[in-house]
Amino acid sequence: MPKGLLQQGWLASARPCISPHFNPRPNNEVSLLVIHNISLPAGCFGLPHIDELFQGCLDIDADDSFAQLDGLQVSAHFLIRRDGEVVQYVGCDDRAWHAGVSEFKGRKGCNDFAIGIELEGTDSSGYTDEQYQQLILLTLELMAQYPMIKVNNIVGHCDIAPGRKTDPGFSFDWSRYQQAIATV
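What you are looking at is a predicted structure, and each value in this text was computed from that prediction instead of being measured.

Enquirer: Just to check I follow, could you spell out the overall build of the chain for this structure?
Expert: For the chain, the helix and strand inventory stands at 4 helices and 12 strands. Taken over C-alpha atoms, the radius of gyration comes to 15 Å for the chain, in line with the 16 Å a tight globule of 184 residues would show. A principal-axis box enclosing the C-alpha atoms of the chain has dimensions of 45 × 35 × 35 Å. Counting only contacts in the chain whose residues sit at least 6 apart along the sequence, the fraction spanning at least 24 positions is 72%. Element-wise, carbon and sulfur atoms account for 52% of the exposed surface of the chain, whose accessible area totals about 8,500 Å².

Structure below.
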């Protein structure tokens, strides 16, 4: 992913999968990057259910665990699948609904100023080399386009919603990721 591929908040190399679950940022500020994980059903990969959830068309009868998701309106800016495919649901200049009740450095409502990246995975499943490669490239592109995103403004969902969220989980290799983005 060469630099400069983010145009008007959309990554040219990502597969667009537009979500209706977004709204304008209140102050047009982008200064935080939040790393999440997701799998639907839990621990199952490569299925269409994440796209369906973020698009608001998840068939809750497709799996017993989906009943708790009925009517949920959530999204993220990006998903990086296990094979490295990058999917974009919401433009980076808009507010995706990924962080929920959250706080970073005393500021509540992180969706207002954050970009959310979902990794297809679980807290304990580990992540693929393709995911790390794409996450690093995407992070560098976002840092170039949004200079308020610094290494110390990149966190896990667990960091902004402690006690409520645990992702990206203990299997995420923060050292590998931070070393790669800090060398630029």
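Okay, back to it.
Enquirer: So what exactly am I meant to see when it comes to the packing of aromatic side chains here?
Expert: The way to describe two aromatic rings as a pair is by their centre distance and the angle between their planes. Across all of its chains, the model carries 7 aromatic pairs by this definition. Aromatic pair phenylalanine 54 and tyrosine 89: ring centres 4.8 Å apart, planes at 80 degrees, arrangement edge-to-face. Here the residue phenylalanine 54 occupies a position in helix 1 (residues 49–55), and tyrosine 89 occupies one in the loop between strand 7 (86–88) and strand 8 (94–96), the gap between them amounting to 35 residues. The pair formed by phenylalanine 54 and tyrosine 89 is uniform in burial state, with each residue classed as buried. A connected cluster of aromatic rings, assembled from ring pairs, spans Tyr127, Tyr132, Phe172, Trp174 and Tyr177. Positioned above the aromatic ring of phenylalanine 45, the side-chain terminus of arginine 82 is 4.4 Å from the ring centre.

Enquirer: Looking at this structure, how should I read the packing of helix 2 (residues 129–145) against helix 4 (residues 174–182)?
Expert: Orientation of helix 2 relative to helix 4, taken along the N-to-C sense of each, is 40 degrees, at an axis distance of 10 Å. Helix-helix and strand crossings are classified by hand; for helix 2 and helix 4 the assignment is right-handed. Contacts from Asp129, Tyr132, Leu135, Ile136, Thr139 and Leu140 of helix 2 reach helix 4 at Arg176, Tyr177, Ala180 and Ile181. Class assignment for the residues of the contact of helix 2 with helix 4 results in 7 nonpolar, 1 polar and 2 charged.

Parameters and conventions
Residues numbered from 1 in each chain as written. Predicted model: local features only at pLDDT ≥ 70, side-chain atom pairs only at ≥ 80, totals over all residues. Heavy atoms only, no water. Helix = DSSP H or I, 4+ residues; strand = E, 2+ residues; numbered from the N terminus. Rg over C-alpha atoms; globule rule 2.2 N^0.38 Å. Contact = heavy atoms within 4.5 Å. Areas by Shrake-Rupley, 256 points an atom, 1.4 Å probe, with all protein chains shown as cover. Phe/Tyr/Trp six-rings, centres within 6.5 Å; stacked < 30°, edge-to-face > 60°. Buried < 20%, exposed > 50% of the residue type's maximum accessible area, 1.4 Å probe, protein only. Lys NZ or Arg CZ within 6 Å of the ring centre and 35° of its normal. Axes fitted to C-alpha atoms, helices over the stretch in contact; angles between N-to-C directions. Left-handed = near helix turned anticlockwise from the far one by under 90°. Nonpolar A, V, L, I, M, F, W, Y, C, P; charged D, E, K, R; others polar.

Bear in mind that shape data such as this cannot, by itself, settle questions of function.
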